[in-house]
Amino acid sequence: MDRTLTLLGIESSCDDTAAAVVRASEAGTAEILSSEVLGQTALHADFGGVVPEIAARAHAERLDGVVEAALERAGVTLDDIDGIAVTAGPGLIGGGLSGVMLARGLAAAKGLTLVPVNHLAGHALPPRLTDGTAFPYLMLLVSGGHCQFLLVEDVDRFRRLGGTIDGAPGEAFDKTAKLLGLLQPGGPAVEAEAAGGDPARFRFPRPLLDREGCDMSFSGLKTALLRARDALVKAQGGITLQDRRDLCAGFQAAVAEVLAVKTERALAMCEVRPTALCVAGGVAANKAIRAMLETVSARAGVPFLAPPLRLCTDNAAMIAWAGIEQLRAGAPPSPDFTARPRWPLDETAPALLGSGRKGAKA
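Numbering of residues starts from 1 in every chain and runs along the sequence as written. Under the rules for a predicted model, residues below a pLDDT of 70 receive no local features and side-chain atom pairs below 80 are neither given nor counted, while totals for whole chains, interfaces and linings still include all residues. Derived side-chain values reflect all non-hydrogen atoms in the structure, with water molecules and hydrogen atoms excluded from consideration.

With that settled, the discussion passes to the overall build of the protein. For the purposes of this entry, the term helix denotes a DSSP run of H or I that reaches at least four residues, the term strand denotes a run of E that reaches at least two, and both are numbered from the N terminus. Scanning the protein for helices and strands turns up 12 helices and 10 strands. A radius of gyration in this sense is built from C-alpha atoms; the matching globule rule multiplies 2.2 Å by the number of residues raised to 0.38. Its C-alpha radius of gyration of 20 Å places the protein within 12% of the 21 Å reference for a compact globule of 362 residues. When its C-alpha atoms are laid out on the principal axes, the protein stretches across 65 × 45 × 40 Å. Relative accessibility thresholds used throughout: buried, under 20% of the residue-type maximum; exposed, over 50%; partly exposed, between the two (1.4 Å probe, protein chains only). Here the protein holds 362 residues, and 52% of them are scored as buried. Contacts: residue pairs with any heavy atoms within 4.5 Å of one another. Across the protein, every contact between residues at least 6 apart in sequence was considered, and the portion connecting residues at least 24 apart equals 72%. Areas reported as accessible are Shrake-Rupley estimates using a 1.4 Å probe. Residue values count occlusion only from the protein chains shown. Summed over all atoms, the accessible surface of the protein reaches about 15500 Å², with 53% contributed by carbon and sulfur. For the protein, the distance from the average position of its 36 positive side-chain charges to the average position of its 41 negative side-chain charges is 6 Å. Charge assignment: positive for Lys and Arg, negative for Asp and Glu; neither His nor the chain ends contribute. Here the site of a charge means NZ on Lys, CZ on Arg, CG on Asp, or CD on Glu.

Spelled out as structure tokens, the structure:
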């Protein structure tokens, strides 16, 4: 399929309600005509994390307006659209269903092609949108809900080299912020505090560095921070501003080192030299982590690539682009599908520990 394609993308897998319009030309160039994202931080602020029921209700209320805004900003109508790409999983089932049902309704009403997109594929493919990165490349997807190394071999072929056996780094940053009384989302708050802290004062564990491969764990790190905080409270009746900064700096240094070492191992596991080391997800915005990954990349002689932050965090432009990639690769439209809470990109990889009784989420 070589003709110009214009797709509407819809994303509602967690707590960002998003819609976007992306156009790809016959020559292979692509343009993001619009990208609208409505976050839900204020709705979940009192709970220290995303509440699925609240998120689902907000998606149902906001999706129509976000789609309308994306079309208006792009200067198009549904009559100008060739198809709709929508996140069908993995993610919170309530939000996923809201997006899928809206997409199915619009597609049926206008006779449009409908493309279900794996949310993780959406995160993995933007390097091709922004930089035309050739296959295969190594993607470190590091966000609030996911963390894994993916060798991206083709539009629909992903090989998972490793990942977390428990919570993701983004979740760890959020919980660290909650433990220390910082605002959500935790990533930017912890990074800001760490800038004024001493990373050597608290030497937190680096989980699984003694284990071969590139699987990771962050639950023990959160526990270590909790114990360090409680020890300070017991000894001095609370924690000072400098204590908090040092705790954040020590925590951030531990996460960065784990990710750097595991990235080195993932690069060594690639049988074919990857064209680039790419990173995506909200945690990719952390300057300390990014600097260490750039060092690893330079040492390995592999180009480092991080798409713009607006394409690293959850958005619908990446979903529209993934839909375009799938259509151009010859994937048949799939009108009969529903949202899936679990949808591993690499169906052949063994489930990571802690994936739940119903199987691997991603």
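Having seen the model, we can carry on.
Another point: the state of the cysteines. Cysteine sulfur atoms are paired as a disulfide whenever they come within 2.5 Å of each other. Applying the stated criterion to the full structure yields 0 disulfides. Between Cys14, a cysteine without a disulfide, and Cys147, which holds the nearest cysteine sulfur, the sulfur-to-sulfur distance is 16 Å. On the basis of relative accessible area, Cys14 is assigned to the partly exposed category, the value being 25%. Here Cys270 stays free of any disulfide, with the sulfur of Cys214 as its closest cysteine sulfur at 8.6 Å.

Moving on, we get to the sheet that holds strand E2 (residues 16-24). Strand order in the open sheet made by the 5 strands is E3-E2-E1-E4-E5, with mixed pairing throughout. Each edge of the open sheet is held by one strand with a lone partner, namely strand E3 (30-39) and strand E5 (113-118). In this sheet, adjacent strand axes meet at a mean angle of 20 degrees when their direction is disregarded. Two strands form a pair only when DSSP identifies at least two bridges running between them. Here strand E1 (residues 5-11) pairs with E2 via 7 bridges, running antiparallel. Across the sheet, the residue bridging to Leu5 is Ala24, located in E2. Geometry is summarised by axes, namely lines fitted to C-alpha atoms with helices restricted to the contacting stretch, and by angles between N-to-C directions that run from 0 to 180 degrees.

A few words on the sheet that holds strand E7 (residues 147-154). If you trace the 5 strands from one edge of the open sheet to the other, you get E8-E7-E6-E9-E10, paired in mixed fashion. Each edge of the open sheet is held by one strand with a lone partner, namely strand E8 (157-163) and strand E10 (304-305). The pairing of strand E6 (residues 137-142) with E7 spans 6 bridges and is classified as antiparallel. The residue of E7 that forms the bridge with Val142 is Cys147.

So, on to the nonpolar core. One recurring pattern in soluble globular proteins is that nonpolar side chains are buried together. Ranked by size, the top nonpolar core spans 48 residues in total, and within it Phe204, Phe251 and Leu259 carry the most contacts. At the level of elements, E6, E7, helix H6 (169-179), helix H7 (186-194), helix H8 (219-236), helix H9 (241-269), strand E9 (277-280) and helix H10 (287-300) are the ones that each hand at least two residues to this core. Those residues within four positions of Leu259 in sequence are excluded, and the remaining contacts are Leu140, Val142, Cys147, Phe149, Met216, Phe218, Ile289 and Leu293. By convention a nonpolar core is built from buried Ala, Val, Leu, Ile, Met, Phe, Trp, Tyr and Cys residues, the set being connected through side-chain atoms within 4.5 Å. By size, the runner-up hydrophobic cluster in this structure holds 35 residues, among which are Leu5, Ala121, Ala276 and Leu305.

Below, the discussion takes up the pairing of strand E4 (residues 83-89). With 7 of 7 residues buried, E4 is to be regarded as a mostly interior element. Where E1 lies against E4, 4 bridges are found, and the strand directions are parallel. If you follow Ile10 over to E4, its bridge partner there is Val86. In this sheet, E5 lies alongside E4 in parallel orientation, the contact comprising 6 bridges.

A few words now on the pairing of E5. Taking burial as the measure, the 6 residues of E5 include 5 buried ones, the bulk of the element. For a crossover, the right-handed case is the one in which the path from the first strand over the helix to the second runs clockwise, viewed with the strands pointing away from the viewer. Handedness of the β-α-β unit built from E4, helix H3 (residues 93-110) and E5 comes out right-handed.

Moving on to the packing of aromatic side chains. The criterion for an aromatic pair is that two Phe, Tyr or Trp rings (for Trp, the six-membered ring) have centres within 6.5 Å, with stacked assigned to planes under 30 degrees apart, edge-to-face to planes over 60 apart and tilted to the rest. What the rule picks out here adds up to 3 aromatic pairs. A centroid spacing of 6.0 Å and a plane angle of 10 degrees characterise the contact between Phe135 and Tyr137, whose relative ring orientation is stacked. The class of Phe135 is partly exposed, set by a relative accessible area of 23%. With relative accessibility at 0%, the residue Tyr137 sits in the buried group. Consider the rings of Phe173 and Phe251, whose centres lie 5.0 Å apart with planes at 85 degrees: the pair is edge-to-face. Pair noted here: Phe173 is in helix H6 and Phe251 is in helix H9, with a separation of 78 residues, a long-range link.

In this section: the environment of Met318. Relative to the elements of secondary structure, Met318 occurs in helix H12 (residues 317-328). The exposure class assigned to Met318 is buried, which follows from its relative accessible area of 0%. Spatially, the C-alpha atom of Met318 lies 10.0 Å from that of Ala19, the residues being 299 residues apart in sequence. Apart from the residues lying within four places of it in its own chain, the contact partners of Met318 are His119, Gly122, His123, Pro126, Leu311 and Thr313.

Another point: the confidence of the model for the protein. On a range of 0 to 100, pLDDT expresses the predictor's confidence in each residue. In the predicted model, the protein carries a mean pLDDT of 91, and 96% of its residues have values of at least 70. Confidence over residues 354-361 falls short of pLDDT 50; this stretch has 15 contacts with residues more than four positions distant or in other chains.

Let us look at the environment of Pro199. Inspection of the secondary structure puts Pro199 in the loop between H7 and H8. In this structure, the C-alpha to C-alpha distance between Pro199 and Asp246, residues 47 residues apart in sequence, is 6.1 Å. Once you skip the residues sitting within four places of it in the chain, Pro199 turns out to touch Ala249, Gly250 and Ala253.

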